[in-house]
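# Architecture and fold: a report
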Amino acid sequence: MHSLLARAAELGAGYRAGLAERPVAPAAVDLAALRSSFGGPLPEAPTPPSDVLEQLARAAGPGLVATAGPRFFGFVIGGALPAATAADVLAAGWDQNGFNAVLSPAAAAAEDVAGAWLKELLGIPAGASTGFVTGGQAANTAGLAAARHHVLAEAGWDVERDGLAGAPRVRVVASEERHATVDRALRLLGFGTRAVEPVKAGPQGAIDVEDLRKVREAGTGPLIVCLQAGNVNTGACDDLRAAREAVGDAWIHVDGAFGLWAAANPDTRALLDGVELADSWACDGHKWLNVPYDSGFVFCARPDVHAAAIAYRAAYLTGAGEVSGMGDLTLESSRRARGFAVWAAVRELGRDGVAELVGRCCRLARRFAGKLAEGGAEIANDVVLNQVLVSFGGDTDALIRKIQDDGTCWLGGTTWRGRRYLRISVSGWSTTEADVDRSAAAILRLAGQ
Ligand SMILES: *Cc1c(COP(=O)(O)O)cnc(C)c1O
C-alpha cells in the first residue's frame with residue numbers, strides 16, 4: 001500500500017510537471033481506442049494493485065485534458081492549487097467520510113474553520129450555515145430547497161411532510177440569463193421550469209432591476225427570487241442591493257458559482273455590493289478558488305431553515321445534526337471529506353492570495369481582450385471579471401475548432417443574444433501574462449488564415 005500510494009502521487013506529480021508544455025487538448029481523440037485501452041470484458045481474476053495503477057495511467061494518458069494547466073480557457077475551470085491538490089491526495093489516503101463529527105471529527109473541524117474563512121472572504125454573514133457540496137449545481141439545489149421550505153412555511157405549509165401537491169403556488173422570479181443549473185434545481189425541487197417568471201437582463205447580462213420590480217408587483221404570494229453574481233457569458237453581476245430593495249422580503253438566492261469570488265478582491269468587491277442581504281448563496285470551490293473537483297458551497301442566512309430543508313434522521317445515525325451538522329446541510333449522506341482541500345487552499349493563499357488570484361485573472365482577461373482587439377477582434381462584453389466574449393465575424397465555430405486542434409490553448413464557444421462568440425474564461429492560478437500573450441497570438445494567427 002505504501003509504495004502504491006507514493007507511486008500514484010508520483011504519477012500525478014509527473015503529469016503536473018509537464019502540464020504547461022503539453023498540448024492543451026489531445027489531438028484527434030479516438031474514443032474507441034481509449035475505451036479499448038481501458039480493456040474489454042469484466043476481468044474474471046484479480047490483478048495486483050501496482051499493475052492496476054500502471055494500467056490506469058497508461059490507458060488514461062492519451063485522453064487527459066490539461067484543464068489544470070495555464071492555457072485552458074474553456075467553461076470556467078481553475079486548475080487545483082498545489083496545497084489543495086496535495087490535501088486531496090492526503091484525504092484520499094485518509095479515506096474519511098464527511099458525514100458528521102462522529103465519523104470524522106477532523107473533517108468536521110476543518111469544514112467549520114474553512115466555512116468561517118469562506119464567509120469572511122465572500123462577504124457572507126458570519127452566522128450563515130455552510131454546506132460543503134459537490135459544486136454549483138448542488139449548491140443551487142440546496143439553496144433553493146431552503147428557499148422552498150421557508151416561503152411555504154411562512155404560508156403555513158410543511159413542504160417536507162406534505163410535498164407540493166395542493167401547496168400554495170410559489171412564484172419563482174429569475175433573470176432570463178440565469179444559469180441552466182437553476183432550471184435543473186427547480187425541476188428537481190418539483191417547481192418545474194414553467195414556474196419561472198423571467199426578468200429581462202440589461203445590456204451586459206445583469207438583471208434589469210426595474211423589470212424585476214415590475215415582475216414582482218405583477219403577482220402575489222410566496223416568492224423566491226434567483227439572482228446571479230457572474231453571468232456565465234459576460235461575468236456581469238446583478239445589482240444585489242437594488243434587487244433586494246425591489247423585492248422586499250422575498251427569499252433571495254444568489255447563484256455566485258464563480259462571481260461570488262469578486263467579493264474577495266477590493267477592486268471588484270463593489271460588484272457584490274449588498275451580497276449580505278441575500279438569504280442563500282451558491283458558490284463553487286473548484287472554479288475560482290482552484291480546489292480539486294468536486295467542491296462547492298451552499299450558504300444559508302438561516303441555518304435552521306437550511307437544516308429543516310435538507311436534514312434527515314434515522315435511529316442508527318449517532319451524531320447527525322450535531323456540531324457542524326455536515327450531513328444536514330448537503331445533499332449527500334456519505335461523502336468525501338472535501339473540506340480538507342478547501343482549508344488547504346485558503347491556508348495556502350491567505351486573504352491576500354485569494355484577492356491576488358481573483359485580481360490577476362481579471363487583469364489577464366483584460367489583457368487577453370486588449371491583445372485580441374488590437375488584432376482586429378470585436379470584444380462583445382465589458383470585461384468586468386474573468387470572462388471575455390470575442391468575435392472575428394466569419395465562421396466562429398470553424399475558428400473554435402481550429403484553436404482547439406492547434407493545442408496552444410483551449411477555449412469554447414457560446415451563443416449570446418443570438419450571436420456566436422469565442423468564450424474565454426481566465427480562472428487558474430498558474431496562468432501568466434506570457435500564457436495569455438502566447439494564446440492570443442495563436443488565436444490571431446488562426447483567425448488570420
Ligand atoms: C458553473 C456554474 C454553475 C454550475 O456549477 P457546477 O460546479 O458546474 O455544478 C452554476 N452557475 C453558474 C453561474 C456557473 O458558472
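Just so it is clear, the model here is predicted, and its values are computed rather than measured.

Thresholds applied
- Residues numbered from 1 in each chain as written.
- Predicted model: local features only at pLDDT ≥ 70, side-chain atom pairs only at ≥ 80, totals over all residues.
- Heavy atoms only, no water.
- Helix = DSSP H or I, 4+ residues; strand = E, 2+ residues; numbered from the N terminus.
- Buried < 20%, exposed > 50% of the residue type's maximum accessible area, 1.4 Å probe, protein only.
- Lys, Arg positive; Asp, Glu negative; His and termini not counted.
- Salt bridge = Lys/Arg side-chain N within 4 Å of Asp/Glu carboxyl O.
- Polar contact = N/O pair within 3.5 Å; in protein donor to acceptor, adjacent residues only side chain to side chain.
- Contact = heavy atoms within 4.5 Å.
- Pairing = 2+ DSSP bridges.
- Axes fitted to C-alpha atoms, helices over the stretch in contact; angles between N-to-C directions.
- Domains from an automatic or database assignment.
- Near = heavy atom within 4 Å.
- Areas by Shrake-Rupley, 256 points an atom, 1.4 Å probe, with all protein chains shown as cover.
- Nonpolar A, V, L, I, M, F, W, Y, C, P; charged D, E, K, R; others polar.
- Phe/Tyr/Trp six-rings, centres within 6.5 Å; stacked < 30°, edge-to-face > 60°.

### Observations regarding the side chain of Asp238
Mapped onto the fold, Asp238 is located in the loop between β4 (223–228) and α10 (240–247). This buried residue, Asp238, is left without a salt bridge; Arg417 holds the nearest opposite charge, at 9.4 Å. There is a polar contact of 2.8 Å between the side chain of Asp238 and the backbone nitrogen of Gln228. With residues near it in sequence (within four places) discarded, Asp238 still touches Gly205, Ala206, Ile207, Leu227, Gln228 and Leu271.

### Here we look at the sheet that holds β4
Ordered by their spatial adjacency, 7 strands build an open sheet running β1-β7-β6-β5-β4-β2-β3, and the pairing between neighbours is mixed. The two strands at the open ends of the sheet, each matched to only one other strand, are β1 (129–133) and β3 (196–199). Between one strand axis and the next, the sheet turns through 20° on average, direction left out of account. Contacts between helix α9 (residues 209–217) and the sheet are confined to β2 (171–175), β3 and β4, with β3 contributing the most and set at about 150° to the helix.

### A few points about the sheet that holds strand β9 (residues 387–391)
Across the sheet, which stays open at both edges, the 4 strands sit in the order β8-β9-β11-β10 with antiparallel pairing between neighbours. Every other strand in the sheet has two partners, leaving β8 (378–379) and β10 (412–416) as the edge strands with one partner each. As defined by bridge partners, β10 adjoins strand β11 (residues 419–425) across 5 bridges and the pair is classed as antiparallel. Looking across to β11, one finds that Thr414 is bridged to Tyr421. Strands in contact with helix α13 (residues 339–374) are β8, β9 and β11; relative to β9, the strand with the most contacts, it is inclined by about 10°. Taken strand by strand, helix α14 (residues 396–406) contacts β10 and β11, and its axis lies near 30° from that of β11.

### Side note on the domain arrangement of the protein chain
With domains assigned, the protein chain is organised as domain 1 (2–69) and domain 2 (87–345). Just the C-alpha atoms count here: the centres of domain 1 and domain 2 sit 35 Å apart.

### Details of unusual backbone geometry
Trans is the common state for peptide bonds, and a negative phi is the common state for residues other than glycine. Backbone torsion omega between Tyr293 and Asp294 reads -10°, so that peptide bond is classified as cis. As for its placement among the helices and strands, Asp294 is situated in the loop between β6 (280–284) and β7 (296–300). Backbone geometry places Asp95, a non-glycine residue, at a positive phi of 55°. Checked against the element boundaries, Asp95 lands in the loop between α4 (82–94) and α5 (105–122). Asp95 sits in the exposed class, given a relative accessible area of 63%. Backbone geometry places Arg417, a non-glycine residue, at a positive phi of 50°. Position of Arg417 relative to the elements: it lies in the loop between β10 and β11.

### Concerning the site of the ligand
Around the ligand there are 14 residues in total, and Gly136, Gln137, Asp255, His286 and Lys287 lie nearest to it. Between an oxygen atom of the ligand and a main-chain N or O atom of Gly136, the distance comes to 2.8 Å. In the complex, the protein chains occlude 84% of the 380 Å² of accessible area that the ligand would expose alone. A total of 3 residues in the shell around the ligand trace back to one element, the largest contributor, which is helix α6 (residues 136–154). When its residues are assigned to classes, the shell around the ligand shows 3 nonpolar, 8 polar and 3 charged.

### Topic: the packing of aromatic side chains
Counting across every chain of the model gives 8 aromatic pairs. Arranged with centres 5.0 Å apart and planes meeting at 10°, the rings of Phe72 and Trp410 form a pair that is stacked. Taken together, the positions of Phe72 in the loop between α3 (49–60) and α4 and Trp410 in the loop between α14 and β10 put the pair 338 residues apart, joining distant regions of the chain. The same class applies to Phe72 as to Trp410, namely buried. Ring geometry for Phe132 versus Phe297: centroids 5.5 Å apart, planes at 80°, classification edge-to-face. Here the residue Phe132 occupies a position in strand β1, and Phe297 occupies one in strand β7, the gap between them amounting to 165 residues.

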